[in-house]
Amino acid sequence: MAEIIRTVMPEFGASGAGFAINDPEVDWMSRSYAQPRSAYWVVERDGIVEGGGGVAPLEGGDADTCELRKMYFLSSLRGLGAGAQVMQLSLDAARAFGFKRCYLETLGGMDAAMRLYERTGFKRIAKPMGNTGHGGCNTFYLLEL
């Protein structure tokens, strides 16, 4: 997944400071998502990982709020419904973990992703929540679970 994240993010101009591409967990995804109330899914085609996404507690947020995190897909997988499936798995897990809300941050220009979030019921909010360290993101969403 680290390679996918490092491939996808620059496509959208998200390669500098303040973006998930620089998160320490990118190189240790299995460690990060093995934590309580966290889950991550990868999507494979023909034995090759082409994307993934998951949920975890929102850093610096309240105990009832999770974050949809590290949801990235190679261009070869986009438009095939994988994002919607990973989103549903993530939200189902969030509910099972007892979260009441799901937060996410994204970047203007990621139009297809934002359409998916809005179709799923996420609502734009005016400012960031928690302490994600992603100061480069400029669009924020919240979903009541």
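As a reminder, the structure under discussion sits directly above these lines.
Residues numbered from 1 in each chain as written. Predicted model: local features only at pLDDT ≥ 70, side-chain atom pairs only at ≥ 80, totals over all residues. Heavy atoms only, no water.

Caption draft 1: Looking closely at the packing of aromatic side chains. Counted under the stated rule, the structure contains four aromatic pairs. Between Y33 and Y40, the ring centres sit 4.9 Å apart and the planes meet at 45°, which makes this aromatic pair tilted. There is no split in this pair, since Y33 and Y40 are both buried. Connected via pairs of aromatic rings, a cluster forms that spans Y117, F122 and Y141. (Phe/Tyr/Trp six-rings, centres within 6.5 Å; stacked < 30°, edge-to-face > 60°. Buried < 20%, exposed > 50% of the residue type's maximum accessible area, 1.4 Å probe, protein only.)

Caption draft 2: Inspection of the environment of T139 at higher detail. Residue position: T139 is located in strand β6 (residues 139–144). Of the residues examined, T139 reaches a relative accessible area of 8% and is grouped as buried. Taking the C-alpha atoms as reference, T139 lies 8.5 Å from L104; in sequence the two are 35 residues apart. With near-sequence residues (within four places) excluded, T139 lies in contact with L104, E105, T106, L107, G108, M114 and R124. A distance of 3.0 Å separates the side chain of T139 from the side chain of N138, its partner in a polar contact. (Helix = DSSP H or I, 4+ residues; strand = E, 2+ residues; numbered from the N terminus. Contact = heavy atoms within 4.5 Å. Polar contact = N/O pair within 3.5 Å; in protein donor to acceptor, adjacent residues only side chain to side chain.)

Caption draft 3: Representation of the nonpolar core within the structure. Among the nonpolar cores identified, the biggest contains 23 residues, and L68, M71, F73, M87, C102, Y117 and F122 are the most heavily contacted of them. Counting only elements with at least two residues in this core, the list comes to β1 (39–45), β3 (65–73), α3 (82–96), β4 (101–106), α4 (111–120) and β6. Ranked by the residues each element gives to this core, the list is headed by α3, at six residues. Residues within four places of Y117 in sequence aside, it is in contact with L68, M87, L104, T106, F122 and Y141. Residues A2, V26, M29 and Y72 belong to the second largest nonpolar core, which totals twelve residues. (Core = buried A, V, L, I, M, F, W, Y, C linked by side-chain atoms within 4.5 Å.)

Caption draft 4: Structural context of α3. If you check α3, its first and last C-alpha atoms are 21 Å apart, about what 15 residues at 1.5 Å a residue would give, namely 21 Å. Among all positions of α3, only A82, G83, V86, M87, S90, L91, A93 and A94 are buried. Projection of α3 onto a plane perpendicular to its axis shows the buried side chains occupying an angular sector of 160°, all on one side. Away from its buried face, by an angle of more than 90 degrees, α3 presents the exposed residues Q85 and A96. If you follow the buried residues of α3, they end up packed against β1, β2 (48–57), β3, β4, α4 and β6. The first or second residue beyond α3 is G98, which carries a positive phi of 95°. (Expected span 1.5 Å × (residues − 1). Arc of directions from axis to C-beta.)

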